[in-house]
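Inside the fold
Chain by chain, the residues:
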Amino acid sequence: MELAVFSVFALLAVVSAAVVVLHRNPVYSVMSLVVTLISLAALFVMLGAPLIAALLVLVYTGAILVLFLFVIMLLNVGREEPATGGAAQKWVAVASALMFGTILGTLLWGRHFGLASGPLDAEYARPLPLARVLLSEYLLPFEMVGLLLLAAVIAATVLARRSEPGGEPDGGGTAEGGR
Amino acid sequence: MTFALLATLAKMGVWLAVLLQVTPIMVWVERRGSALIQDRLGPNRVGPLGLFQSLADAAKFFFKEDVIPHEVDRFLYLLAPLLAVVPALTTFVVIPFGPEIEVAGRSVPLLVADVDSGVLLLLALASLGVYSLVMAGYSSNNKYSLLGSVRASAQMISYELALTLSVVSVLVPVGSLRLDRVVEYQQQAEWLGFLPGFNIFPQILGFLVFLIAAFAETNRLPFDLPEAESELVAGYHTEYSSMKFALFFMGEYMSMATLSALGATLYLGGWYLPGLDYSGHWAWTAGLGLGVLLAKVALFLLFFVWVRWTFPRFRFDQLLRLGWKVLLPLALVNFVLVAAMTVAGWL
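Residue indices follow the written sequence of each chain, beginning from 1 at its first position. Each chain gets a letter, beginning with A, and each ligand a number, beginning with 1, in the order they are written. Local features are withheld for residues below a pLDDT of 70 in this predicted model, meaning they are given only at 70 or higher, and side-chain atom pairs are given and counted only at 80 or more; totals for whole chains, interfaces and linings count all residues. Here the side-chain values reflect all heavy atoms present in the structure, with hydrogen atoms and water set aside.

1. Section: the overall build of chain B
Stated formally: Secondary structure elements are defined from DSSP: runs of H or I of at least 4 residues count as helices, runs of E of at least 2 residues count as strands, and each element is numbered from the N terminus. Throughout, radius of gyration means the C-alpha value; the globule benchmark is 2.2 Å times the number of residues raised to the power 0.38. We call two residues contacting when some pair of their heavy atoms lies within 4.5 Å.
Counting its secondary structure elements, chain B contains 12 helices and four strands. In terms of overall size, chain B behaves like a compact globule, its C-alpha atoms giving a radius of gyration of 21 Å where 347 residues would be expected to give roughly 20 Å. Here the C-alpha coordinates of chain B stretch approximately 60 × 50 × 45 Å along the principal axes. Sequence separation of 24 or more characterises 76% of the internal contacts of chain B that already satisfy a separation of 6 or more.

2. What about the overall build of chain A?
Spelled out, the test is: Accessible area is worked out with a 1.4 Å probe on protein chains only. A residue is then buried under 20% of its type maximum, exposed over 50%, and partly exposed in between.
Along chain A, the regular secondary structure elements total six helices and zero strands. Going from the N terminus to the C terminus, chain A shows its helices and strands as α-α-α-α-α-α. Of all 179 residues assigned to chain A, the portion counted as buried reaches 22%. Of the contacts formed within chain A by residues at least 6 apart in sequence, a portion of 53% connects residues at least 24 apart.

3. Let's talk about the packing of helix H3 (residues 74-90) of chain B against helix H5 (residues 129-139) of chain B
Each pair of packed helices can be described by the angle between their axes along with the distance between the axes. Residue and element names in this part refer to chain B. Convention followed: To get an axis, a line is fitted to the C-alpha atoms, and for a helix only the part in contact is used. The angle between two axes follows their N-to-C directions and goes from 0 to 180 degrees. An angle counts as roughly parallel when it lies under 35 degrees, as roughly antiparallel when it exceeds 145, as roughly perpendicular when it falls between 65 and 115, and as oblique in every other case. In this scheme, a crossing is called left-handed if the near helix is turned counterclockwise away from the far one by less than a right angle; it is called right-handed if the turn is clockwise. In this classification, the charged set is Asp, Glu, Lys and Arg, the nonpolar set is Ala, Val, Leu, Ile, Met, Phe, Trp, Tyr, Cys and Pro, and all remaining amino acids, among them Gly, are polar.
Packing of H3 against H5 leaves a shortest axis separation of 8 Å and a crossing angle of 160 degrees. Comparing their axes, H5 and H3 come out roughly antiparallel. For the element pair H3 and H5, the recorded crossing hand is left-handed. Within the contact between the two elements, H3 uses Leu76, Tyr77, Leu79, Ala80, Leu83, Ala84 and Pro87 and H5 uses Gly129, Ser132, Met135, Ala136, Tyr138 and Ser139. Class assignment of the residues belonging to the contact of H3 with H5 gives a composition of 10 nonpolar, three polar and no charged.

4. Notes on helix H4 (residues 118-126) of chain B
Counted residue by residue, H4(B) has seven buried out of nine residues, so it is predominantly covered. Those residues of H4(B) that fall on the buried side of the exposure criterion are B:Gly118, B:Val119, B:Leu120, B:Leu121, B:Leu122, B:Leu123 and B:Ala124. Contacts from the buried residues of H4(B) go to helix H3 (50-75) of chain A together with helix H6 (143-174), helix H7 (179-188) and helix H10 (242-267) of chain B.

5. What about the interface of chain A and chain B?
Our working rule: A 1.4 Å probe defines the accessible area here, and the buried area is the portion of it lost by two parts on being joined, summed over both. One side-chain nitrogen of Lys or Arg within 4 Å of one carboxyl oxygen of Asp or Glu is enough to make a salt bridge. What qualifies as a polar contact is a pair of N or O atoms within 3.5 Å, subject to a donor-acceptor requirement within protein and to the restriction that residues adjacent in sequence count only when both atoms come from side chains.
In this complex, chain A contributes 28 residues to the contact, which on the side of chain B involves 29 residues. Taken over both partners, the interface formed by chain A and chain B buries close to 2600 Å², and the fraction arising from carbon and sulfur atoms is 75%. Run the count over chain A and chain B and you get zero salt bridges. Counting across the chain A and chain B interface gives three residue pairs in polar contact (both at pLDDT 80 or more). Breaking the side of chain A that touches chain B down by element, the ones donating at least two residues are helix H2 (26-46) and H3 of chain A. Tallied by class, the residues present in the side of chain A that touches chain B amount to 20 nonpolar, six polar and two charged.

6. Considering the nonpolar core
Keep this limit in mind: Side-chain atoms within 4.5 Å are what join buried Ala, Val, Leu, Ile, Met, Phe, Trp, Tyr and Cys residues into a set we call a nonpolar core.
B:Trp15, B:Leu179 and B:Leu266 are the most contacted members of the largest nonpolar core, which totals 84 residues. Ranked by the residues each element gives to this core, the list is headed by H10(B), at 12 residues. Ignoring anything within four residues of it in the chain, the contact list for B:Leu179 reads B:Val94, B:Ile95, B:Pro96, B:Val119, B:Leu122, B:Leu262, B:Thr265 and B:Leu266. Residues A:Leu56, B:Ala80, B:Tyr138 and B:Ala152 belong to the second largest nonpolar core, which totals 38 residues.

7. Points about a nonpolar patch on the surface
We apply this condition: The patches described consist of residues with a relative accessible area above 30% and no salt bridge, like charges being joined within 9 Å and nonpolar side chains (Val, Leu, Ile, Met, Phe, Trp, Tyr) within 5 Å. Each accessible area is a Shrake-Rupley result for a 1.4 Å probe, and residues are judged covered by the shown protein chains and nothing else.
Together, A:Phe100, A:Ile103, A:Leu104, A:Leu107, A:Leu108, A:Trp109 and A:Phe113 give the surface a local cluster of nonpolar side chains, amounting to about 830 Å² of exposed area. Counting through the fold element by element, A:Phe113 comes out in the loop between helix H4 (86-109) and helix H5 (127-135).

8. Some details on the pattern of salt bridges
Residue and element names in this part refer to chain B. Considering all chains together, one arrives at eight salt bridges over all chains under this definition. Measuring nitrogen to oxygen at the nearest pair gives 2.8 Å for the salt bridge that ties Glu30 to Arg220. Of this pair, Glu30 sits in helix H1 (residues 2-37) while Arg220 sits in the loop between helix H8 (204-217) and helix H9 (229-232), and the two are 190 residues apart along the sequence. Given a relative accessible area of 3%, Glu30 falls into the buried group. Beyond isolated ion pairs, a larger network of salt bridges with shared partners links Glu30, Arg220 and Arg308.

9. A short note on the environment of A:Ala151
Residue and element names in this part refer to chain A. Among the structural elements, Ala151 can be located in helix H6 (residues 139-162). Judged by its relative accessible area of 42%, Ala151 is partly exposed. Taking the C-alpha atoms as reference points, Ala151 and Leu67, separated by 84 residues in sequence, lie 19 Å from one another.

10. Here we look at the environment of B:Ser153
Here B:Ser153 shows up in helix H6. Beyond its immediate chain neighbours, meaning those up to four positions away, B:Ser153 contacts A:Val66, A:Phe70, B:Val130 and B:Val134.

11. Quick notes on the packing of H8(B) against H10(B)
Residue and element names in this part refer to chain B. Two elements in contact, H8 and H10, have axes separated by 11 Å at closest approach and are oriented at 175 degrees. The pairing of H8 with H10 is recorded here as roughly antiparallel in orientation. Mapping the contact onto sequence places Gly206, Phe207, Phe210, Ala214 and Glu217 in H8 and Leu259, Leu262, Gly263, Leu266 and Tyr267 in H10.

12. Digging into H1(B)
All names here are of chain B. For clarity, the cut-off: One less than the number of residues in a helix, times 1.5 Å, gives the span that helix is expected to have. The reported bend at a residue is simply the angle between two axes, fitted to the 7 residues ending at it and to the 7 residues beginning with it.
Look at H1: 51 Å from first C-alpha to last across 36 residues, which is about the 52 Å you get at 1.5 Å a residue. Along its length, H1 shows its largest kink, about 30 degrees, at Val22, and proline Pro24 lies within four residues downstream of that point. Asp39 sits one or two positions beyond H1 and adopts a positive phi of about 60 degrees.

13. Here's the deal with the packing of aromatic side chains
All names here are of chain B. Operational definition: Centres within 6.5 Å are what make two rings of Phe, Tyr or Trp a pair, Trp counting through its six-membered ring; a difference in plane orientation under 30 degrees is then read as stacked, over 60 as edge-to-face, and the rest as tilted.
Per the counting criterion, the structure on display carries 17 aromatic pairs over all chains. For the ring pair Phe207 and Phe300, a centre distance of 6.1 Å and an interplane angle of 70 degrees mean the geometry is edge-to-face. Note that Phe207 is positioned in helix H8 and Phe300 in helix H11 (residues 282-308), a separation of 93 residues in sequence. By the burial criterion, Phe207 is buried, and Phe300 matches it.

Encoded structure:
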């Protein structure tokens, strides 16, 4: 029973993740990413961590991906344009893939070489212990992440303001959005 | 294992039965209510008081020709109405409709998903509702549909913040994300010696923010910009007909019921009403709890209908200004107030 449910969601996660990268239409890519994240959330539930699952769905599918979709629809991107980054982008992609692989490898096998501690205590998947740790031991990093987000919001506001005099205030492309 | 599974299935069956009834009943209430407010008769021919009108409408929807326009994105076009119903049906899993009961010597909590992060799960599932609108608007290949869905997503994201902040304020004195704990908390307290301990009294500000944001979240009339008939034909479901349209309709009414149940649980004591005796046979306890909760949900739904036929529609810039510049600051003020009162030991 458990294996069957796991297989379904694991397969769904992998296939939809592949579709995100391979599909030509960006709207379908975002939609597949939604499927990926929901499958991952289901796997978290199976691991006994409904809190992580709820947060994953709430933050990523509920907010961030809606904004992705919003931007794609407003810009009316029908088909993927060929990448313009050139050779530099390729190297950056390889480097980040290697970096991600290293992190993943450290997490998976690192404890055999004393590089990482074992799996986290299951207790931290519950709201109260997680909140305790976040607001005591890791208070400084927690607040700094908040500060980082605030800085991003202010920067976005400044960028949006700058184009105001002269041109259209905002959402100029909306009316022509219909294809 | 089998007992737990059966109990869970039974509880899901109860919610499913209730939720599928919401739409036909609400359609009738809405049409008769609007007739009352506008000094008309409303549908009164089919059955007593026109009660069977919704049944006739449902049958009509099933037998209508199923039109799929030529230039639509078929996959997303057909998926969108399904996704309108799924989040609305799933959010009910964390709403309790009674205390823990004893059935055949085993205790059964009267909510489907007994998890620590109940409210978060509900908010997460509810936030998926916007995808059906966005997909419908995009796949229809129609500028009115697209504009409708862009408006819907902007509106829902803006008002989700105020809604969530008012929900969080309720959880501060309770100290838990579980909705059954929220109900328990409201049973213990008592305000000024004669009021029941419902959260609406100390948190009236949060309740108002929640209520207004709920109207925007469900795209109901003072804020029904996504489907403003005079500008956008029917918004995101312009290109939908027959049962596919009916699914959008059902999703809309069911998410109204969900938010009403959440509001009733957070602010009006949920399944609890002081003065009622819940002890006795388990079926009585469960039935009474469900009845009280549904009565409170009905109050909310009647209010939704009343407001819809009383207020004119906002402009879109007014709507966003209200959300960001009035409701969000108010929700923050309420949060700070509640936190201060909790620290002072008043709550």
